[in-house]
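Chain residues, written in single-letter form:
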Amino acid sequence: QVQLVESGGGLVQEGGSLRLSCAASGSAFSLNAVAWYRQTPGKQRELVAHISGGGRPHYVDSVKGRFTISRDNSKNTAYLQIDSLKPEDTGVYYCNTISLAGTVVVPQEDWGRGTQVTVSS
């Protein structure tokens, strides 16, 4: 099982940018699709983007145009670039390996601690 550690969060002003990193242990990283999720205050954790082992990205509609998911399999790392940050982007961001059952995204059971993103207005 791949273990993942998120980093790169912080406090930024509205309109700013952040690049989140997801560092993976294990040699099977390149075989796994990876997803980024976020949990904003008062809401359940939600999927924002995922990327296949080969680098094909997918975004939920609400983040298209501002979020960019990528990966570097040579570094066992996935990234989430967030531009034009809004206060409603505030929350904890998690990455996880996933499997796809048709259009259904299924994360592995274990989650990391996530990385906090706070956007001030």
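Above this text sits the structure in question.
Residues numbered from 1 in each chain as written. Predicted model: local features only at pLDDT ≥ 70, side-chain atom pairs only at ≥ 80, totals over all residues. Heavy atoms only, no water.

**Student:** I would appreciate a short explanation of the environment of Ile 69 in the present structure.
**Tutor:** Topologically, Ile 69 is positioned in strand β7 (residues 67-72). Using a relative accessible area of 5% as the deciding quantity, one classes Ile 69 as buried. Not counting residues within four places of it along the chain, the set of residues in contact with Ile 69 comprises Val 34, Trp 36, Ala 49, His 50, Ile 51, Pro 57, Tyr 59, Tyr 79 and Leu 80. (Helix = DSSP H or I, 4+ residues; strand = E, 2+ residues; numbered from the N terminus. Buried < 20%, exposed > 50% of the residue type's maximum accessible area, 1.4 Å probe, protein only. Contact = heavy atoms within 4.5 Å.)

**Student:** Whenever I open this one, the sheet that holds β7 confuses me. Can you help?
**Tutor:** Where strands meet in a sheet, backbone hydrogen bonds hold them as pairs that are either parallel or antiparallel. The strand order across the open sheet built from four strands is β1-β3-β8-β7, with neighbouring strands paired in antiparallel fashion. Unpaired on one side and paired on the other, β1 (4-7) and β7 mark the two borders of the sheet. Neighbour to neighbour, the strand axes of the sheet diverge by 15° on average, direction disregarded. Where β7 meets strand β8 (residues 77-82), six bridges bridge the pair, whose relative direction is antiparallel. Bridging from a neighbouring strand, Thr 68 pairs with Gln 81 of β8. (Pairing = 2+ DSSP bridges. Axes fitted to C-alpha atoms, helices over the stretch in contact; angles between N-to-C directions.)

**Student:** Hey, could you run me through the side chain of Asn 96 in this one?
**Tutor:** Secondary-structure assignment places Asn 96 in strand β9 (residues 91-101). The class for Asn 96 is buried, based on a relative accessible area of 0%. Look past the residues within four positions of Asn 96 in its chain and what remains in contact with it is Leu 4, Ala 33, Val 34, Ala 35, Pro 107, Gln 108, Asp 110 and Trp 111.

**Student:** Sorry if this is basic, but what is going on with the nonpolar core here?
**Tutor:** Nonpolar side chains in soluble globular proteins tend to end up buried together. Formed by 25 residues in total, the largest nonpolar core has its most connected members in Leu 20, Trp 36, Phe 67, Leu 80 and Tyr 93. Counting only elements with at least two residues in this core, the list comes to β3 (18-24), β4 (33-39), β5 (46-51), β7, β8, β9 and β11 (115-120). If one sorts the elements of this core by residue count, β3 sits on top with four residues. Those residues in contact with Leu 20 that lie beyond four places of it in its chain are Ser 7, Gly 8, Gly 9, Trp 36, Ala 78, Tyr 79, Leu 80, Ile 82, Tyr 93, Thr 115 and Val 117. (Core = buried A, V, L, I, M, F, W, Y, C linked by side-chain atoms within 4.5 Å.)

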